[in-house]
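In case you want the letters, here they are:
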Amino acid sequence: MIRERKLSQALRQVFFTSGVVMGIGLMAQPVQAQETNDDKPMGRVEITGSNIKRTQQEGAASTQILTRKDIQQSGKTSVADVVRSLSADNNGSISGSFTNGFAGSASGVSLRGLSVNSTLVLINGRRTAPYGLGDDGQRNFVDLNTIPLGAVDRIEVLKDGASAIYGSDAIAGVVNIILRETYEGKTISGSLGTSGHGDGALRSASGTFGFGNLETDKYNYFFSIDAKQSDKILQKDRPEYLGTADARPWGGRDQRAGATTSSNTGGSSFVGTVRPVTAGGSTIPGRGIQNLPGCANIDTGTSINSGGGCLWDPIKGGYQTVQPETQNINLFGRGTLQINNNMQAYTELGLFNSQAKTINTPSGLTSAGFDLVNNRVINSGTGPGQLLLPIGHPDNPFPANRARPRWADPDRPRTSDLDTTVTRLLVGVKGTSFGWDYDSGILYAQSKTERTQNGYYRASALQTAVNNGTFRIGQAGAFNSADTLALVSPELKNWATTKLALWDFKGTREFGQLPGGPIGIAVGGELRHESTVSEATPYTDINDIVGLGYAAARSSRNISSLYTELALPVLKQLEFQLALRTDQYSDFGNSTTPKVGFKFTPIQQLAIRGTYAEGFRAPGPAESGDSAVSAFTTFARDPVRCPVTGLSADCADGKNVGAVTVGNKNLKPEKSQSYSLGFILEPIKNTSVSVDYWRIVRKNEITGSDAASIIADPSKFPDATVVRGEATSDFPGLAGPILLVKAPYINAGQTRTSGIDIDLRSRFDLNSYGRMTAGLTVSQMFEFKRTTSGVTQNFVGTHGDTNLSGNGGTPRTRASASLAWDRGPFNVTTSVNYVSGIEDKNEAGGECLDVDPVSGKALMNCRVASFTTVDLFGRWDVSKQWQVTAAIANIFDRLAPLDVQTYGRINYNPSLHQSGAVGRYFTLGARYTF
């Protein structure tokens, strides 16, 4: 059992009131208290959530702004770290440390837990190309790692549905990353970082060089370059349960590999195991699994190894990383030309390259999967297609029988090298004409990822090499020749490219007059072309690579959009926001989405606001294009065979079945309704608080093939195919057992989620002692209910939905707080980050997911503990030219809570607790301005 430490308890008592648990991290300013980097009030600007320029006061929608100063004082070194620390980020977000997923090493944000493809990420209010490899092979998203932190001016987060303003993908909200528009001067900077364990070194250098003054020279152009290199962190170098796969001493379970059970089922070990089989390949009663010579770790004291296998630890073996080895370089340039007093032309060019090296456990020799070309299941572990050592093979000790082998080569881990290049080019013009402020641009963006994988076996070549005796297992496997390894374990390369081309325009102006002031109007439109080509890993279409499934997508479409927005100040105290957008997609049709909002200010210190919006998300490339994704799932009962045979093989729960999901061009878009209602209060000068209730209902959710439902009643799924094997000898006239279910993506079910956001900021003038600034953000989720096939599950506060993006869980509360002190050239900021605990269940009221197989008791008290960390940042402006910064993340070296359920990493949850696996981290930086 994991107990909360006294420090965590003390912090909660200090920072949490009214029964709302709160923690800390990056604290962003509410918009109504927003100031620029120079601490001067913002002028009339456009805030995310509206195309109509306003003053610094908030509009109808809840918007959180992270200024350049906020970002610096957080001590974080990447856009991904900044955005994923938002309290509104929840289940379905993607951590760059989750390297063995479909979208390995990329990072994505999932506002409100509605998945990465329902959160729209913009750069300067415009789209960019998404990452080429979809999450779970299905969901497209923008990789936050590709955006240069050094070029960021601010980050604006719109927390309600915004499809009427921005279009598809904005059901859960918008993250708008605003880059600098102009810069004069020359600045170079650098930083060094290392963990308290002496690993994970970070080296970064950047420079920004700008020339020309728009007012005097009529032009400005600047360019920046950012380069960063991070060393890997091996999980074996972390203490306690993080450093071993056997977490039993801490209340977890044993996740070591190579075990053999009392029922004679076994995993792959480093010494290898063999089992004699009959001429037909069946097991022989009374003759079980035998270890090959050389095992030094037969631990029969653990329940997972009651049959005496040779155990090995994937963490201690160095096959699990907390952070991969990466190096990034980012070039960004912008030029602005003041053509006349009323017109500017501008251009932006961005070029980003990232290289990541990931490592995973060695591959086993066998697996089961799907041959999509021939529409069949291939199982190289058992059955007719199994891998067998022939009689006389050097590693087969049975003179009269073939042998079923299992082995993992400790010297050949599975590796994946990812090389991603993102190109972005924008040219545009903006200005004022006939009373309208206008902006129009042409954008082209492309993201290409090339992936090279090693350490995987090609099943057909492996069988050939085993048959002729050239491939050896166990200790003899160390002497396999380079030619043999090149044949049975070839280097695998594939790539994925997404492209985006668009032309857009918008115009805003004031006209007419209402009692509260002039009417504001915005109109705009967009023409967009999107395409995706994601190639499958070689040989996976015929299931010839052990342990790798098939995932590929190919699609393209055209989108045209028109929208309008009105700001109606009907009274000085009351303003309405109305917006309407229509989108036409070439591959599924039209959609019209409205949005209505209001802001009522009865007194100067109080404003009440609310919104209603409808949204949609068009099917993505993998969902509606020429695509397929393969996986395994379970079902409970074969409705054809069970009534006839009565056998447990046909009637028992938990039987495995292959599930292949293919693209469906007839999908409908997901649709949503979102509501928000809240207030902004300034009880005293320099102190403001906002409280907003939100609720989102998403319908027509696009899901993959539900094999269990299809098997139970195929008549309800006319587009699905149930593939069965050959009839069995005991029932020759009956259809054979189910091997595979193939079905298209479908619209099924809905999700309801709701909660409350609290945003507090206060500033205190200490006269000659400087100034204190305090802040707090809290996101409290009330419900996260999903209804599928008439069954409703509530995931809030649990580890569910366990099928989603690494099994990250749905915490009820996420919060951040900060306290900053400024005096002259000095700044010291303390931040606290909090994530509430979650039940180790898939749904509220459900059964515990992890139970001790011997005692039947729930592991970890059926709960993953809460997690609180403290960060410290300091800045010293040595002179007008020199600035020195220092930061300590996770200053008290809090350990990530034990979590044996997540499949993102062993024994901890990278989506929620990554900083607790990295540990205390030190960063020292300096900047010089010429």
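Quick caveat: nothing in here was measured; it's all calculated off a predicted structure.

(A) Region of the structure containing the sheet that holds strand 10 (residues 273–276). Ordered by their spatial adjacency, 3 strands build an open sheet running 11-10-17, and the pairing between neighbours is antiparallel. Two strands bound the open sheet, and with one partner strand each, they are strand 11 (290–291) and strand 17 (403–406). Of the strand pairs in this sheet, strand 10 and strand 17 are connected by 4 bridges, and their pairing is antiparallel. From the neighbouring strand, Arg275 faces strand 17, where its bridge partner is Arg404.

(B) Focus on the state of the cysteines. Counting across every chain of the model gives 2 disulfides. Put simply, Cys295 and Cys310 are joined by a disulfide, and their sulfur atoms are 2.2 Å apart. Here Cys295 and Cys310 share a disulfide; its torsion about the S-S bond, 100 degrees, makes the bridge right-handed. One end of the pair, Cys295, is in the loop between strand 11 and strand 12 (321–323); the other, Cys310, is in the loop between strand 11 and strand 12, and 15 residues separate them in sequence. The exposure class assigned to Cys295 is partly exposed, which follows from its relative accessible area of 23%. For Cys310, a relative accessible area of 7% gives the class buried. Across the disulfide from Cys642 sits Cys651; the S-S distance is 2.0 Å. What sets the handedness of the Cys642 and Cys651 disulfide is the S-S torsion sign, and at about 115 degrees it is right-handed.

(C) Fine view of the packing of aromatic side chains. Taken as a whole and assessed by the stated rule, the structure comprises 20 aromatic pairs. Judged by centre distance (6.0 Å) and plane angle (90 degrees), the rings of Trp312 and Tyr319 are edge-to-face. This pair shows no difference in class: Trp312 is buried, exactly as Tyr319 is. Connected via pairs of aromatic rings, a cluster forms that spans Tyr183, Phe222 and Phe332. Above the ring of Trp495, the side-chain terminus of Lys448 is found at 5.4 Å from the ring centroid. Cation over ring: Arg458 sits above Tyr539, and NZ or CZ is 3.8 Å from the ring centre.

(D) Summary view of helix 5 (residues 459–467). If you check which residues of helix 5 are buried, you get Ala461, Leu462, Ala465 and Val466. Buried positions in helix 5, seen along its axis, are confined to an arc of 135 degrees and lie on one side of it. Structurally, helix 5 contributes buried residues whose contacts are with helix 6 (482–488). Two residues or fewer past helix 5, Gly469 is found with a positive phi of approximately 80 degrees.

(E) Region of interest: helix 11 (residues 910–918). With respect to burial, helix 11 is a largely interior element, 8 of its 9 residues being buried. Downstream of helix 11 by one or two residues, Gly919 has phi in the positive range, about 90 degrees.

(F) Region of interest: the environment of Ala613. The topology assignment puts Ala613 in strand 25 (residues 606–617). Looking at Ala613, the relative accessible area reads 2%, which means it is buried. The spacing of Ala613 and Leu578 is 35 residues in sequence and 9.9 Å in space, taken between C-alpha atoms. Setting aside residues up to four positions removed in sequence, Ala613 forms contacts with Gly161, Pro594, Lys595, Ser672, Gln673 and Ser674.

(G) View of unusual backbone geometry. For the bond from Gly800 to Asp801, the omega torsion is -5 degrees, close enough to zero to count as cis. Structurally, Asp801 is set in the loop between strand 36 (791–794) and strand 37 (813–823). A positive phi angle, near 60 degrees, is found at Asn767, a position not held by glycine. Note that Asn767 resides in the loop between strand 34 (750–765) and strand 35 (771–788). With relative accessibility at 66%, the residue Asn767 sits in the exposed group.

(H) Spatial organisation of the pattern of salt bridges. Throughout the structure, instances matching the rule amount to 43 salt bridges. Two residues, Glu156 and Arg154, come together in a salt bridge whose shortest N-O distance is 2.7 Å. Ionic pairing is found between Asp544 and Arg458, a salt bridge with its closest N-O pair at 2.7 Å. Of the two residues, Asp544 sits in the loop between strand 21 (517–534) and strand 22 (551–571) while Arg458 sits in the loop between strand 19 (436–454) and helix 5, which places them 86 residues apart along the sequence. Residues joined by salt bridges that share partners form a network here, namely Arg617, Glu623, Glu670, Arg698, Glu701, Arg786 and Asp801.

(I) The pairing of strand 2 (residues 63–67), seen in detail. Here strand 2 lies mainly inside the structure; 5 of its 5 residues are buried. Neither face of strand 2 is exposed, since Thr63, Ile65 and Thr67 on one face and Gln64 and Leu66 on the opposite face are all buried. As defined by bridge partners, strand 2 adjoins strand 4 (residues 152–158) across 5 bridges and the pair is classed as antiparallel. Each bridged residue has a counterpart across the sheet, and for Thr63 the counterpart in strand 4 is Leu158.

Basis of the calculations
- Residues numbered from 1 in each chain as written.
- Predicted model: local features only at pLDDT ≥ 70, side-chain atom pairs only at ≥ 80, totals over all residues.
- Heavy atoms only, no water.
- Pairing = 2+ DSSP bridges.
- Helix = DSSP H or I, 4+ residues; strand = E, 2+ residues; numbered from the N terminus.
- Disulfide = S-S within 2.5 Å.
- Buried < 20%, exposed > 50% of the residue type's maximum accessible area, 1.4 Å probe, protein only.
- Phe/Tyr/Trp six-rings, centres within 6.5 Å; stacked < 30°, edge-to-face > 60°.
- Lys NZ or Arg CZ within 6 Å of the ring centre and 35° of its normal.
- Arc of directions from axis to C-beta.
- Contact = heavy atoms within 4.5 Å.
- Salt bridge = Lys/Arg side-chain N within 4 Å of Asp/Glu carboxyl O.

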